[in-house]
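# Examination of the molecular architecture
Letter by letter, the chains look like this.
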Amino acid sequence: MSQQHHIDELFVRIWNDYLLITPSAEKVHALLAASDTAPKIVNDHIALRTLNFPHMGISVLSQHFEALGYTHGGDYDFGSKKLNAMHFEHPDGNHPKVFISELKVDELSDTAQTILHRISQSVTPELMSESNCLYSGKCWKLTYNDYQNLLAESEYAAWFAAWGFRANHFTVSVNHLETLTELVEVNSLLKQHGFVLNTSGGEIKGSQDVCLAQSSTMADKMPVVFNDQTVDIPSCFYEFAQRYPLPNGELYQGFVAASADKIFESTNVN
Ligand code: NI
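The paragraphs below set out a description of the structure included in this document. Predicted model, so just to flag it, every value in this text is computed and none were measured.

## A closer look at the pairing of strand 7 (residues 212-216)
- Burial analysis of strand 7 places 5 of its 5 residues in the buried class, which makes it a mostly covered element.
- Residues Leu212, Gln214 and Ser216 line one face of strand 7 and the alternating positions Ala213 and Ser215 line the opposite face, and both faces are buried.
- Alignment of strand 6 (residues 205-207) against strand 7, held across 3 bridges, turns out to be antiparallel. Bridged to Lys205 within strand 7 is Gln214.

## Quick notes on the packing of helix 4 (residues 110-121) against helix 6 (residues 144-153)
- Between helix 4 and helix 6, the shortest axis-to-axis distance is 9 Å and the interhelical angle comes to 125 degrees. With respect to each other, helix 4 and helix 6 are oriented oblique. Remark: the crossing between helix 4 and helix 6 carries left-handed chirality. Here helix 4 contributes Thr111, Ala112, Ile115, Leu116 and Arg118 to the contact with helix 6, which in turn contributes Asp146, Asn149, Leu150 and Glu153.
- When its residues are assigned to classes, the contact of helix 4 with helix 6 shows 4 nonpolar, 2 polar and 3 charged.

## Quick look at helix 1 (residues 3-21)
- Helix length check: helix 1, at 19 residues, gives a terminal C-alpha distance of 28 Å against a target of 27 Å (1.5 Å per residue), a fit within 8%.
- For helix 1, every residue scored as buried is listed here: Ile7, Leu10, Phe11, Ile14, Trp15, Asp17, Tyr18, Leu19 and Ile21.

## Looking at the coordination of the nickel ion
- For the nickel ion, the protein coordination sphere consists of His45 (NE2), His169 (NE2) and Glu239 (OE), at 2.1 to 2.2 Å.
- Between consecutive donors of the nickel ion, the numbers of intervening residues give the motif H-x123-H-x69-E. Of the two residues, His45 sits in strand 1 (residues 43-51) while His169 sits in strand 5 (residues 167-173), which places them 124 residues apart along the sequence. Neither His45 nor His169 differs from the other in exposure class; each is buried.

## Quick notes on the pattern of salt bridges
- Considering all chains together, one arrives at 11 salt bridges under this definition.
- Between Arg118 and Asp146 there is a salt bridge, with the nearest N and O atoms lying 2.8 Å from each other. Pair noted here: Arg118 is in helix 4 and Asp146 is in helix 6, with a separation of 28 residues, a long-range link.
- Residue classification places Asp146 among the buried positions, given a relative accessible area of 13%.
- A salt bridge links Glu203 to Lys191, with the nearest nitrogen and oxygen atoms 2.8 Å apart. Pair noted here: Glu203 is in the loop between helix 8 (183-192) and strand 6 and Lys191 is in helix 8, with a separation of 12 residues, a long-range link.
- For Lys191, a relative accessible area of 43% puts it in the partly exposed group.
- Among the charged side chains, a salt-bridge network with shared partners connects Asp44, Lys97 and Arg243.

## Comments concerning the side chain of Ser215
- The residue Ser215 is located in strand 7 in this model.
- A residue is classified by how much of its surface remains accessible, and Ser215, at 0% relative accessible area, is buried.
- Of note is the side chain of Ser215, whose polar atom sits 2.7 Å from the side chain of Asn187.
- In contact with Ser215, not counting residues within four places along its chain, are Leu183, Asn187, Glu203, Tyr238, Glu239, Phe240 and Ile263.

## A look at the side chain of Ser200
- Assignment of secondary structure puts Ser200 in the loop between helix 8 and strand 6.
- The contact partners of Ser200, leaving out residues within four places of it in the chain, are Lys205, Lys262 and Glu265.

## Here's the deal with the sheet that holds strand 10 (residues 237-243)
- Spatially, 8 strands are ordered 2-3-4-1-5-10-7-6 in an open sheet, and the strand pairing comes out mixed. Two strands bound the open sheet, and with one partner strand each, they are strand 2 (71-78) and strand 6. Here the strands of the sheet are splayed against their neighbours by 25 degrees on average, with no regard to which way each runs.
- In this structure, strand 3 (residues 83-89) lies alongside strand 4 (residues 97-103), joined through 6 bridges in antiparallel fashion.

Each value, and the rule that gives it
Residues numbered from 1 in each chain as written. Predicted model: local features only at pLDDT ≥ 70, side-chain atom pairs only at ≥ 80, totals over all residues. Heavy atoms only, no water. Buried < 20%, exposed > 50% of the residue type's maximum accessible area, 1.4 Å probe, protein only. Helix = DSSP H or I, 4+ residues; strand = E, 2+ residues; numbered from the N terminus. Pairing = 2+ DSSP bridges. Axes fitted to C-alpha atoms, helices over the stretch in contact; angles between N-to-C directions. Parallel < 35°, antiparallel > 145°, perpendicular 65-115°, else oblique. Left-handed = near helix turned anticlockwise from the far one by under 90°. Contact = heavy atoms within 4.5 Å. Nonpolar A, V, L, I, M, F, W, Y, C, P; charged D, E, K, R; others polar. Expected span 1.5 Å × (residues − 1). Donors = N, O, S within 2.8 Å, 3.2 Å for Na, K, Ca; no water. Salt bridge = Lys/Arg side-chain N within 4 Å of Asp/Glu carboxyl O. Polar contact = N/O pair within 3.5 Å; in protein donor to acceptor, adjacent residues only side chain to side chain.

Printed below as a string of structure tokens:
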């Protein structure tokens with residue numbers, strides 16, 4: 001099989017897993033497909049979350065994309081959320097970029113660190129050596145009380161503990177749409193159809209000035225089976241990105257930390 005085929009297959013598997021816990025994404029996807037003449041909805045990027053333990057950090061997840069021809073494209077630091085991130089891109093610009101963040105566990109409280117260390121002990125090198133680790137969910141036990149303890153200090157930690165390894169969001173490339181050529185038009189269409197957008201930092205994060213504008217839905221709420229009970233909590237959201245050219249005429253391919261910082265809040269409970 002060609003590399004192109006392997007990449008497409010991997011993203012289909014990650015997408016199908018994402019749809020299982022993000023039913024609104026399927027509805028938005030269908031709405032955009034019906035409202036736009038573009039032959040298909042192209043993804044700008046996907047985002048993955050993890051913890052900064054050496055056996056499960058960014059570089060452990062990224063190796064599966066690097067094996068398919070992806071290369072490191074940028075580094076980002078989200079100090080207030082205690083996160084590092086990197087993005088990876090493929091020389092064939094039609095493949096989605098991959099944005100991977102990791103939580104700096106050592107900056108959290110002892111209570112949170114104890115829970116996250118226990119989670120990390122369930123993550124084996126064997127699991128991480130296969131590309132299906134990218135959509136393997138959680139392979140550890142977690143009580144609802146653990147979840148709430150994490151949530152009290154890091155929404156990111158709580159989300160990862162509850163949902164595990166899977167796409168946190170897919171992102172529609174507005175540049176590849178034909179009828180809806182501006183992000184503001186996409187947002188209007190979504191609101192007309194009752195979808196709720198993340199308004200933290202404004203409905204549109206970024207602008208032409210920083211060569212990237214982004215918006216997103218608020219995450220769906222879906223049931224998570226904890227050890228002791230099943231509770232509906234925020235799952236995943238859908239993002240929309242419009243890129244603008246750099247002075248050299250090429251579309252900017254990086255990310256804007258100030259905007260991504262607000263996008264992270266799409267999985268907040270309120
Ligand atoms: Ni994103």
